Structures are given as C-alpha cells and as structure tokens.
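# Coordinates in review
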Amino acid sequence: MTLDQIEALVATGESEMLEFKATTGARREAAKTICAMLNNKGGHVLFGISPSDGVMGQNVSERTMEELSAEIQRIEPSSPVEIETVRISGDRQVIVVHLEPGLLPPYRYKGFSYRRVGNTTRRMSGDEYNRMLFERMHAEQRWENQFARGWSLDDLDLAEIRNTVAEAVRVGRLNAPGSEKPEELLRGLGLMSGGELYRAAIVLFGKTERLDPEMPQCMLRVARFRGLDRSDFIDNRQFHGNAFSLLANAERFFRETLPISSRFVSGRIQRIDEPVYPPLAIREALANALCHRDYAIVGGSIGLAVYDDRLEVTSTGPLHFGLAPRDLFDSHESKPWNPLIARTFYRRGIIEEWGRGTLTMRDLVVTAGLPKPEIEERNDCVTVRFRRFNHQTERDLGGGLTEQQLAILTLLHRSDRSLALGEIRTLLGQTENKRRVREDLATLKIKGLAESTGHGRGARWKPR
C-alpha cells in the first residue's frame, strides 16, 4: 500500500471495514476490532492515524511488530493476517493490518467474540455467537446431508428422478449419465453415498404416502383470502409431497387463483388479460423457499397466501450467514441453507443463476409495473410479499363493465395525473362518439370507480 492509498482511505473515515488507531499502544482494542472484522466482511486496521490530525505515523521497531503480532495471535481460531508498514517520513511509519473475512467464524479474543456495528466494535451476545457457530458447523454437518435411515429407492418417485436428470442434461447442467439405474442417477446428483440416501433425496423425490407421516414438514399450505386479512377465506388447502410436487401444486393453485388484470394497448381493439403478478416471479419465490427453508423444524412448511391487495410466500426458518432482508435485492453471495437441494433445483433449470433469485423476482415485478417485492423476517420465518397498485381488475369489479369502460378505467389507473375527456378519447384511439365516452365515465362514477374535478370542458377524471 502506498502513502497516497492510505490518505485516500483516511479521507473516507472509519467504517464497518476500516478503523484507525493513533499508536500500537491501543493494540488490545485493535485486536477486538480485528476479531470483529474476521467475524464480518474483513477490512483494514491502520496504526499511526489520528482521528483529529490524520496521517501521523509512529516509530516502528522490531519489538513494536512482535507485540502487535503476539496480540493478534490471541485471537482464536488462528487466521492468516497480513501486516505491512508504509513509511510516512523519517522514522515514522503507518502499520496496516489487512483482513479477509475469516473462514472459521466465530472468532474470539481473550474468550470473547466481537462484531462490527457501523464504525464501532461491540461484544457479541451469546445468541449471536451460537448462531455463527451453528452456521460454521452447518457447512459440514446439516440436516439435508445426513443419511435417511430406513428409506430405500422403493420410497422414491423414480420417474421424477429420471425427469430431473433428463432436464438437467437438456439444459446443459449435467453430463449424460452412463447408466439409467436410479442409484447411479442419484450418485450423479450427489444425493446418495455408500448405498444410502441423503435426506435431501427424500425431500426432492420422496413418495407422498411415506413423506406425510414421517416428514410432515414436507408440506405446502395455500389459501385465498377475501379482503386484506385472514378473517375470511375463499379457498384453503394443504398438500404433502416432495419438493417438485409441492412446486407443481403451488403453480396450479396460483394459476387458478391469481386476479386477472385487464389492460388495453393503443392500436389494439382486444383487451389484454394477464395475471396481476408475474407467474415467473412467484415461481422464483417458491423455489427459493423450498431451497432455503429449515427442514429440521418438523412443524415447518411453505405457505402461499393470496389477498385482495397482495400475495405472500412464507417459509420456515430465519435468514442465515449474516444476511438481512435489505441485502437480498442487492448483489450478494449465494449461500443456500440446503445446497444439495438448491443444486438439484439449479441443475433442473428451476433456479436460473446462483445468487440471483431475489434480483430476478425484483426485475420481473418492476418490469410488470408493480412495486418492488418486499422481504420480511419475523418469528423465524421469511416472507416474500408482492403488492399490487390500487387498480381494479375485471374479477375485482365482479363483471358488469363493458370493454370500453374497462379500457377507460385502465387508462385512469395507469396515468400519473387526472385526464380530460379529450385526452381519454385520444388514448382510446377514438375521434368520435364523445357522448358514449362521457356516458361511460358517468357509469364509472356511479359505481364509485372514478371521480371528477371541475365542470364542463374543464372536468378532469381520475380513479377513485
């Protein structure tokens, strides 16, 4: 690192990944920060920087470096840390400690773990430490990669296994197997070892008749509620089965249930009817839920709920690996909680690209002209929420409107301002029959769907 680079860093100020110390006399406090950065995203700790005076440097002897190294070595487990010195002037130097994110968190210093909160270092709570420790252990030993004792190939849907392999080969995400034997196909998918099935294989391909009593968490709950809460429902069902059958049942349900949005395009006579929410975005949310949920929670499930104003996909289990809901719509590293299950979904072509599921959802929904999806974590559950703008659909209206009335209503809702009669006629592509348009507007006003301001030629219309 050069002096110019150091000065550029100092100009940015202390942050989650950057801390300044005036001298190595503060090495014990610095060691806490180094511990916290190893537990987080890494960063830099610079000695010889004063918060008030900027780059000052300090005298650095062999003993200085030995004492700093000894303090850092008190961090457990050991982690490679790069230390360099940069000469400022004369005998004065800046010591730079470079830190990559630790590979084995949680790290401890003198028996305590630390975390970064903005530009401060704080002691980690017992719950935070246990969560991080659990996530470290999860990489090697987790629910999905344990053997499913007592389960055999007879308990699996062999046709679904063959379909998965054939589709993975077709999309180029798996080489053609040299055998059609189910056990060879499962080994190729990484779902079987030493003649025994992993639990992931059961979740993906298990037969319903055995999953229902022995793995009740392999369940999907679907509901269509009347209104904005759960006080009254139109449809309420549960499905048990493997992940692929649950996804198919969910897709079938939302195709039957989703509200239909009607719109008109200039130059076309026929109305365009399409689901309010993009089906591909909902499918992505469901696939993510099936891949990332916590199957160790026996009472858990996947939920799909449709309300008048929104659609929600809920899965059991919190977010992990330090991710927060706000992070999921930015570029982020993919760390699936169930990598064997997620990898199989990817190979089959259901998940298009690692780490882009939530970004794909966002892009599909925004392109459809809807608000950006929301992600909420509450009570150890994660909910993806799709909202609609306050516009009416033919189904919501209960019918009874003509094609032109629906077209007018669509125009009013899609406009960012109120419209005059002449503007409405122009957008409809009409140059005559002013009286009919005026009558249709009056009908919409009587039904409580539109309102006007002003009178006569100055009247302007907007949705109610």
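So, here's what we can say about the structure. Every chain's residues receive numbers from 1 upward, in the order its sequence appears when written. Local features in a predicted model are, by the rule used here, given only for residues with pLDDT of at least 70; side-chain atom pairs are given and counted only at 80 or more, and totals for whole chains, interfaces and linings are based on all residues. Side-chain measures here rest on the full set of heavy atoms in the structure, leaving out hydrogens and waters.

## Section: the overall build of the protein chain
Note on conventions: DSSP H or I runs of at least 4 residues are helices, E runs of at least 2 residues are strands, and numbering of each starts at the N terminus. Each helix and strand in the protein chain was counted, giving 16 helices and 24 strands. Radius of gyration (C-alpha) of the protein chain: 30 Å, far over the 23 Å computed for a compact globule of 464 residues. In terms of principal-axis extent, the alpha carbons of the protein chain reach across some 95 × 70 × 45 Å. Only heavy atoms matter for contacts: two residues are in contact if any of them lie within 4.5 Å across the pair. For the protein chain, contacts bridging at least 24 residues in sequence account for 64% of all contacts bridging at least 6. Charge assignment: positive for Lys and Arg, negative for Asp and Glu; neither His nor the chain ends contribute. Note on charges: their place is set at NZ of Lys, CZ of Arg, CG of Asp or CD of Glu. Across the protein chain, the 66 positively charged side chains and the 64 negatively charged ones have centroids separated by 5 Å. C-alpha atoms define the radius of gyration, and 2.2 Å times the number of residues to the power 0.38 defines the globule rule.

## Describing helix H3 (residues 62-72)
Side chains that are three or four residues apart share a direction in an α-helix, a result of its 3.6 residues per turn. Looking only at H3, the buried set comprises Thr64, Leu68, Glu71 and Ile72. For H3, the arc enclosing every buried residue in end-on projection is 100°, short of the 170-degree limit, so these residues lie on one face. In H3, the exposed positions angled more than 90 degrees off the buried face are occupied by Glu62 and Arg63. Partly exposed describes any residue whose relative accessible area lies between the buried limit of under 20% and the exposed limit of over 50%, with all areas from a 1.4 Å probe on protein chains only and scaled to the type maximum. Here the arc refers to the directions that run from the helix axis out to each C-beta atom.

## Some remarks on the sheet that holds strand E22 (residues 419-420)
In this analysis, strands are considered paired if DSSP registers two or more bridges between them. Spatially, three strands are ordered E22-E24-E23 in an open sheet, and the strand pairing comes out antiparallel. Every other strand in the sheet has two partners, leaving E22 and strand E23 (450-453) as the edge strands with one partner each. As judged from the two bridges shared by E22 and strand E24 (residues 460-463), these two strands associate in the antiparallel manner. Opposite Ala420, over in E24, you have Arg460 as the bridge partner.

## Things to note about the sheet that holds strand E11 (residues 120-123)
The strand order across the open sheet formed by four strands is E6-E9-E10-E11, and the pairing between neighbours is antiparallel. In this open sheet, the two edge strands, each paired with only one partner strand, are strand E6 (75-76) and E11. Note: strand E10 (residues 112-117) against E11, four bridges, orientation antiparallel. Bridging across to E11, Tyr114 finds its partner in Arg123. An axis is simply a line fitted to the C-alpha atoms; with a helix, the fit covers only the stretch in contact. Between two such axes, the angle follows the N-to-C directions and lies from 0 to 180 degrees. Contacting E6, strand E9 (108-109), E10 and E11, helix H2 (residues 27-38) runs over the sheet at an angle of about 75° to E10.

## Here we look at unusual backbone geometry
A cis amide bond, omega -10°, links Glu76 with the succeeding residue Pro77. Among the structural elements, Pro77 can be located in the loop between E6 and strand E7 (82-89). Non-glycine residue Lys110 carries a positive phi angle of around 55°. Assignment of secondary structure puts Lys110 in the loop between E9 and E10. Under the relative-accessibility criterion, Lys110 is labelled partly exposed at 40%. Although it is not a glycine, Asp380 adopts a positive phi angle of roughly 60°.

## Observations concerning the environment of Gly458
Tracing the chain through its elements places Gly458 in the loop between E23 and E24. Sequence-wise, Gly458 and Leu421 are 37 residues apart; in three dimensions their C-alpha atoms are separated by 8.8 Å.

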